[in-house]
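# Observations on the model geometry
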Amino acid sequence: MGAIMVWLFAFFIIIAVLAMVIYQVMCLADLEYDYINPYESASRINRVILPEFVTQGALCLFYLVTGHWFMFLLCLPYLYYDVRMYMDKHHLVDVTEIFNMLNHEKKKRIVKLVYLIVTLFLSLFWLLYSLLEDDEYM
């Protein structure tokens, strides 16, 4: 029963990170089609970047603490990229450069989305596997 709760908790954390990245992509798409101004778009994106980093770090730490080494190693490159961006001070979107970097920022977040969807499906697989394995022993 414990493994099911671990995978269920991880599943919901991944959903939260996925929602934050989707929100950022939507803000960039709104900016691209002139639905919002650059200042508003940058402030909306910058507001969710640090919570995304912290949530991803918590997920990686959660996998490490619970002993799920494969998922920990799978989350490590994403976490490394986030930490590197934060340390180099490139994690925030600049209002004055947002139009010049729009395609780059969108591609960056689309890659994050694909990465998170793969992680989500792996987590869902392990959740179902644990559920079926737990059901066998009852």
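Just so we're clear, the structure is a prediction, and the values are computed from it rather than from any experiment.

## Thoughts on a nonpolar patch on the surface
There is a patch of nonpolar side chains on the surface, built from M1, M5, L8, F12 and I15 and spanning about 500 Å² of accessible area. Inspection of the secondary structure puts M1 in the segment before α1 (2–32).

## What about the packing of aromatic side chains?
As enumerated under the stated definition, the model contains nine aromatic pairs in all. Between F62 and Y63, the ring centres sit 6.4 Å apart and the planes meet at 45°, which makes this aromatic pair tilted. We note that F62, like Y63, is buried. Their ring planes at 85° and their centres at 5.5 Å tell us that W126 and Y129 sit as a pair that is edge-to-face. In this pair, W126 and Y129 both sit in helix α4 (residues 102–136), three residues apart, roughly one turn of the helix. Here the aromatic cluster, defined as three or more aromatic residues joined through ring pairs, consists of W7, F9, F62, Y63, F125, W126 and Y129. Seen from the ring of Y86, K89 lies directly overhead, with NZ or CZ sitting 5.7 Å from the centre.

## As for the layout of surface pockets
Within this model, the largest pocket holds a volume of roughly 160 Å³. Lining the largest pocket are M85, K89, H90, L92, V93, D94, E97, I98, M101, H104, E105 and K108. Examining the composition of the lining of the largest pocket, we find that three residues originate from one element, α4, more than from any other. Classifying every residue of the lining of the largest pocket by side-chain character gives five nonpolar, two polar and five charged.

## Some thoughts on α1
For α1, spanning 31 residues, the distance from its first C-alpha to its last is 45 Å, which sits close to the expected 45 Å at 1.5 Å a residue. A positive phi of about 60° marks D34, the residue just after α1.

## Overview of helix α3 (residues 69–87)
Taking 1.5 Å per residue as the helical rise, α3 with its 19 residues ought to reach 27 Å, and the 26 Å between its terminal C-alpha atoms agrees with that figure. Of all the bends found along α3, the most pronounced is centred on L76 and spans about 30°, while P77, a proline, follows it within four residues. If you check which residues of α3 are buried, you get M71, F72, C75, Y78, L79, D82 and M85. K89, located one to two residues past α3, shows a positive phi value of around 60°.

Parameters and conventions
- Residues numbered from 1 in each chain as written.
- Predicted model: local features only at pLDDT ≥ 70, side-chain atom pairs only at ≥ 80, totals over all residues.
- Heavy atoms only, no water.
- Patch = residues over 30% accessible without salt bridge, like charges linked within 9 Å, V, L, I, M, F, W, Y side chains within 5 Å.
- Areas by Shrake-Rupley, 256 points an atom, 1.4 Å probe, with all protein chains shown as cover.
- Salt bridge = Lys/Arg side-chain N within 4 Å of Asp/Glu carboxyl O.
- Helix = DSSP H or I, 4+ residues; strand = E, 2+ residues; numbered from the N terminus.
- Phe/Tyr/Trp six-rings, centres within 6.5 Å; stacked < 30°, edge-to-face > 60°.
- Buried < 20%, exposed > 50% of the residue type's maximum accessible area, 1.4 Å probe, protein only.
- Lys NZ or Arg CZ within 6 Å of the ring centre and 35° of its normal.
- 1 Å grid on protein atoms, 1.4 Å probe; cavity = no way out; pocket = protein on both sides within 12 Å on 5 of 7 lines; lining within 4 Å.
- Points joined across faces, edges and corners; volume = space filled by probe spheres on them.
- Nonpolar A, V, L, I, M, F, W, Y, C, P; charged D, E, K, R; others polar.
- Expected span 1.5 Å × (residues − 1).
- Bend = angle between axes of the 7 residues up to and from the residue.

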